[in-house]
Amino acid sequence: MVSNTGTWMQRVAQDWLVLELAAGSGATALGITTGLQFLPVLLLTPMAGLVADRMPKQRLLQLTNVGMALPAAVLGVLAVTGTAEVWHVWVLAMLLGAASAFDGPARQSFVSELVEPADLTNAVGLNSASFNAARLVGPGLAGLLIAAFGGGAVATGWVILLNAVSYAAPIWSLRHLDASRIDAAAPADRGPGAIREGVAYVRARPDLLLVLGMVFFAGTFGLNFQITSALMATEVFGKGPEEFGLLGTFLAIGSLTGSLLAARRSQVRHRLVVGSALAFGTSVVLAGLMPTYLAFAVLAPVTGLTALTFITSANTYMQLHVDAGVRGRVMALYLMIFMGGTPVGAPIIGWIGEEYGARWTLLGGGLITIAGVALSAVLYLRLEKARRARAQEPAEGHLEAAPAAF
């Protein structure tokens, strides 16, 4: 909870720092920053998933938290001393993203080692609730602190340093977990082809491919709030850091509600994942049409609710419907697609904001998300039909039908 609050504070502070340092081209610089921070997820996550399947996650997560604290500390010092430049932010964002790439698969798959399978849906929902409770506090607190410290680049540095310190909380917590009560999966085979094995597992499952397809479009083009909120607050509504930070808090109100509702569900079906994805895309389009800051802020909780309902249901479905021995690699692939599309989508969204105005960052992102969900559903139906046809074909030399793929 402490570390997540710091993370959300840094996201606001880092975005505001880039806008301060890149006057005149803030949207493009902001898009590049976000893209570079998520680029390591695209490049390193397959290897990170294999590491998560081979290494004790309790130890691995301690190392990744140290790896995320160090870039935050360096960036905070640069900003406080007035020596930060945009390229500094870009480099340190990449380093932070590299540590995050190894943290994500381990953290996601660690949940199933801490609770019984019957409690997994509830645990994923409560984990999201904790994350979004921090999101409820972090952005607004960051905006207030930046304003209190003067509103400039130096002010953002103090907020970023607070995030660096906050990583001590999960490191301490992980060190004090009772390892004897962790139901760790057997380490994955260290032979060659382990990553290909995880990819092949997913390719044989049309249901998993459907979820991954929707996650790609929503994550790449729809879930760019750190860019869209900043541009709407500054360029469309002419607001300052306090109002910008409060938008994150308003989003988190809906996100926290969505997380708590997810914790109540006993199971997750395709229908929920698809429906929540469509609802999310629609809410993003509506946000781009809001005429005033107040109307935009009032809609933000709805957007947060639909976004977290989709994210949590997709995450839970993936964890509940895969074998324990490949869960780290499958969740790595999930995170690579969910977050790895951002290096492509974020600069595109930033460029759209520069060329066509901030509203089109939301209108375009929402429409692409809706179209992507429809495309994923069509492909799923075709793949599932082909899979069932193969399952009904008689096996060579036998009269009975071949077994289903899953």
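Quick note: structure is the one above.
Asks: Is there a simple way to think about the packing of helix H1 (residues 2-21) against helix H4 (residues 86-114) in this case?
Replies: To characterise two packed helices, one gives the angle between the axes of the helices and the distance between these axes. One way to put it is that H1 packs onto H4 with a least axis distance of 10 Å and a crossing angle of 155°. On the basis of the axis angle, H1 is roughly antiparallel to H4. As H1 packs across H4, the resulting crossing turns out to be left-handed. Here Gln10, Gln14, Leu17, Val18 and Leu21 of H1 lie close against H4, whose contacting residues are Val86, Val89, Ala93 and Leu96. Classifying every residue of the contact of H1 with H4 gives 7 nonpolar, 2 polar and no charged.

Asks: Any chance you could explain the nonpolar core here in plain terms?
Replies: Across soluble globular proteins, you tend to see nonpolar side chains buried next to one another. Grouped together as the largest cluster of nonpolar side chains are 79 residues, with contacts concentrated most on Phe296, Phe310, Met318 and Tyr334. The element best represented in this core is helix H13 (residues 293-320), accounting for 12 residues. Contact partners of Phe310, with chain neighbours within four places excluded, come to Met214, Val215, Ala218, Val273, Ser276 and Ala277.

Asks: What is the right way to look at the pattern of salt bridges in this model?
Replies: It is possible for side chains bearing opposite charge to pair when their charged atoms get close. Taken as a whole, this structure holds 7 salt bridges when the rule is applied. Taking the shortest distance from any N to any O, the salt bridge between Glu384 and Arg387 comes out at 2.8 Å. Placement of the pair is Glu384 and Arg387 together in helix H16 (residues 359-392), with a separation of 3 residues, close to one helical turn. Comparing Glu384 with Arg387, the two get one shared label, buried. Here Glu384 makes a salt bridge to Arg388, at a shortest N to O gap of 3.1 Å. Of this pair, Glu384 and Arg388 both sit in helix H16, separated by 4 residues, roughly a single helical turn. Overlapping salt bridges bring together Asp53, Glu197 and Arg329 as one network.

Asks: I tried to follow the packing of aromatic side chains on my own but got confused; where do I start?
Replies: The description of two aromatic rings rests on the distance between their centres and on the angle between their planes. Across all of its chains, the model carries 7 aromatic pairs by this definition. Pairing Phe225 with Phe280 gives two aromatic rings, centres 6.2 Å apart and planes at 85°, and the pair type is edge-to-face. In this pair, Phe225 sits in helix H10 (residues 225-236) while Phe280 sits in helix H12 (residues 270-288), placing the two residues 55 residues apart along the sequence. The residues Phe225 and Phe280 share a single accessibility class, namely buried. Grouping aromatic residues by their ring pairs yields a cluster made of Phe216, Phe217 and Phe221.

Asks: What am I meant to see in helix H7 (residues 168-175) here?
Replies: An α-helical turn contains 3.6 residues, so any two residues separated by three or four positions project in the same direction. The complete set of buried residues in H7 reads Pro170, Ile171 and Leu174. The arc that holds every buried residue of H7, seen down its axis, measures 105°, which confines them to one face. Buried residues in H7 make contact with H1, helix H3 (57-80), H4 and helix H6 (153-166).

What counts and what doesn't
Residues numbered from 1 in each chain as written. Predicted model: local features only at pLDDT ≥ 70, side-chain atom pairs only at ≥ 80, totals over all residues. Heavy atoms only, no water. Axes fitted to C-alpha atoms, helices over the stretch in contact; angles between N-to-C directions. Helix = DSSP H or I, 4+ residues; strand = E, 2+ residues; numbered from the N terminus. Parallel < 35°, antiparallel > 145°, perpendicular 65-115°, else oblique. Left-handed = near helix turned anticlockwise from the far one by under 90°. Contact = heavy atoms within 4.5 Å. Nonpolar A, V, L, I, M, F, W, Y, C, P; charged D, E, K, R; others polar. Core = buried A, V, L, I, M, F, W, Y, C linked by side-chain atoms within 4.5 Å. Buried < 20%, exposed > 50% of the residue type's maximum accessible area, 1.4 Å probe, protein only. Salt bridge = Lys/Arg side-chain N within 4 Å of Asp/Glu carboxyl O. Phe/Tyr/Trp six-rings, centres within 6.5 Å; stacked < 30°, edge-to-face > 60°. Arc of directions from axis to C-beta.

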